[in-house]
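Below are the chains, spelled out letter by letter.
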Number of protein chains: 2
Amino acid sequence: MTDTTHSEATKKMWSMIKGIGSAMMTTEDGGVLRARPMVAAQDDFDGNLWFFTHASSHKVDEVQGDQRVGVTYADPSKQDYVSLSGQARLVRDKAAMSAHWQESLRTWFPKGIDDPDIALLKVEVTAAEYWDAPNSTMLHAYGYVKAVLTGSPPNPGGNEKLSFT
Amino acid sequence: MTDTTHSEATKKMWSMIKGIGSAMMTTEDGGVLRARPMVAAQDDFDGNLWFFTHASSHKVDEVQGDQRVGVTYADPSKQDYVSLSGQARLVRDKAAMSAHWQESLRTWFPKGIDDPDIALLKVEVTAAEYWDAPNSTMLHAYGYVKAVLTGSPPNPGGNEKLSFT
């Protein structure tokens, strides 16, 4: 993929992510893959996803045991799907928290970034794929299979693979 | 959780899954967690999810290397989220394929279950969780955090953890 195409595909993917809103973040938990809904706190995408979290939460234990995470966004009504793969790490830097803070988060964290348990989970995205099939699940899924088998993007609808490393 | 509660929670979860339709299935692929959209081919749920696939597809290689999969269903517009954890295995038994076959699958598999490359991915679900928060992302996500910290289901909206083993 050329740089221009990569940039366009990343822009398209971020537009899908913003439209969908909530992610499911998959981690490894004692030998099983487990996911929970999360919302990224950022206005644009430079290769990282940022999620506020409670540092004492179980998912933080999980990523400290195994930093690999999968983040998915899905809107079945539009047949829009995004899969991002990355490495998560806990960030407790006040400047980073301040940069990502949104007032709507205060329901979770009444004390804001002064909450002693607040932290960011930074996901450094290493690869991503998206599916954007306007017509039907069939075409979309066929597209995926075709993409996997041949390495070429399906038509109609798009499946793009992106690498960020 | 009592058997009755487990049964009701499972029924609720399956209703959410049917309403959402498409899953994202996460597997481990060469050290990273990677997901792709899939649609289960079944009318009810007895602890297993069944997906038709091409036996030669890359995801089949992945589950043969590491049988653990995570399956998520998400409808951000309703704040409905389901996370299922399980073990996947390839099933090429004709009777099982016939039992799950749906004519709508013919777009993928023109030859139906006589396609030499058709197979089922059977996911034996070992645990599942769902989130069903009617009010807002905030309550929903707070609910999740509360559930993780205290082990009790959040209110309003529900977070139920189910075990199938």
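Residues numbered from 1 in each chain as written. Chains lettered and ligands numbered in written order. Predicted model: local features only at pLDDT ≥ 70, side-chain atom pairs only at ≥ 80, totals over all residues. Heavy atoms only, no water.

### Some thoughts on the overall build of chain A
A count of helical and extended segments in chain A gives four helices and seven strands. Secondary structure of chain A in N-to-C order comes out as α-β-β-β-α-β-β-α-β-α-β. For chain A, buried positions account for 58% of its 165 residues. Pairs at least 24 apart in sequence give 69% of the contacts found in chain A among residues at least 6 apart. Total accessible area computed for chain A in this model is approximately 6,900 Å², and 49% of it derives from carbon and sulfur atoms. (Helix = DSSP H or I, 4+ residues; strand = E, 2+ residues; numbered from the N terminus. Buried < 20%, exposed > 50% of the residue type's maximum accessible area, 1.4 Å probe, protein only. Contact = heavy atoms within 4.5 Å. Areas by Shrake-Rupley, 256 points an atom, 1.4 Å probe, with all protein chains shown as cover.)

### Thoughts on the relation of the copies chain A and chain B
Least-squares fitting of chain A to chain B yields an RMSD of 0.0 Å, with the superposition described by an axial translation of 0.0 Å and a rotation of 180°. Here the symmetry operator amounts to a two-fold rotation axis. Take the interface residues of chain A: 100% of them recur as interface residues in chain B, which is what a same-surface contact looks like. (Least-squares fit on C-alpha atoms with pLDDT ≥ 70 in both.)

### A few points about the interface of chain A and chain B
It is common to give the size of an interface as the accessible area lost on bringing the parts into contact. Across the boundary between the two partners, chain A contributes 47 residues, which contact 48 residues of chain B. For the chain A and chain B pair, buried surface summed over both sides reaches about 4,000 Å², with 64% attributable to carbon and sulfur atoms. One can count four salt bridges joining chain A with chain B. Linking Glu28 of chain B and Arg68 of chain A is a salt bridge whose minimum nitrogen-to-oxygen distance equals 3.0 Å. (Buried area = accessible area lost by both parts, 1.4 Å probe. Salt bridge = Lys/Arg side-chain N within 4 Å of Asp/Glu carboxyl O.)

### Here's the deal with the pairing of strand E5 (residues 80-91) of chain B
Residues and elements named next belong to chain B. Counted residue by residue, E5 has nine buried out of twelve residues, so it is predominantly covered. Sheet topology note: the strand E4 (residues 68-75)/E5 ladder contains eight bridges and is antiparallel. From the neighbouring strand, Asp75 faces E5, where its bridge partner is Asp80. Hairpin connection from E4 to E5: four residues lie between these consecutive antiparallel strands, with Gln79 at a positive phi of about 60°. Relative to strand E6 (residues 118-132), E5 is paired through twelve bridges, and the arrangement is antiparallel. Within E6, the position partnered with Ser85 by the bridge is Ala127. (Pairing = 2+ DSSP bridges.)

### Quick notes on the confidence of the model for chain A
Residue and element names in this part refer to chain A. Overall, the predicted model of chain A reaches an average pLDDT of 80, with 79% of residues at or above 70. Taken element by element, the predicted model of chain A shows its lowest mean pLDDT in helix H4 (residues 137-150) (40) and its highest in helix H3 (residues 94-100) (97). Confidence drops under pLDDT 50 across residues 135-157; counting only partners more than four residues distant or on other chains, this segment forms 40 contacts. Scoring of the predicted complex yields 0.83 for pTM and 0.82 for ipTM. (pLDDT = per-residue confidence, 0-100.)

### Comments concerning the pattern of salt bridges
This model, assessed by the stated rule, comprises 16 salt bridges over all chains. As a salt-bridge pair, Arg89 of chain B and Glu124 of chain B come within 3.4 Å of each other at their nearest N and O atoms. Separated by 35 residues along the polypeptide, Arg89 of chain B in strand E5 and Glu124 of chain B in strand E6 bring together distant segments of the chain. The class of Arg89 of chain B is partly exposed, set by a relative accessible area of 38%. For Glu124 of chain B, a relative accessible area of 30% puts it in the partly exposed group. Overlapping salt bridges bring together Glu28 and Arg68 of chain A together with Glu28 and Arg68 of chain B as one network.

### Points about the environment of Arg34 of chain A
If you trace the backbone, Arg34 of chain A turns up in strand E2 (residues 32-39). Take Arg34 of chain A: its relative accessible area is 10%, and that puts it in the buried class. Separated by 37 residues in the primary sequence, Arg34 of chain A and Val71 of chain A place their C-alpha atoms 11 Å from one another. Within polar-contact distance, the side chain of Arg34 of chain A engages the side chain of Glu129 of chain B at 2.8 Å. (Polar contact = N/O pair within 3.5 Å; in protein donor to acceptor, adjacent residues only side chain to side chain.)

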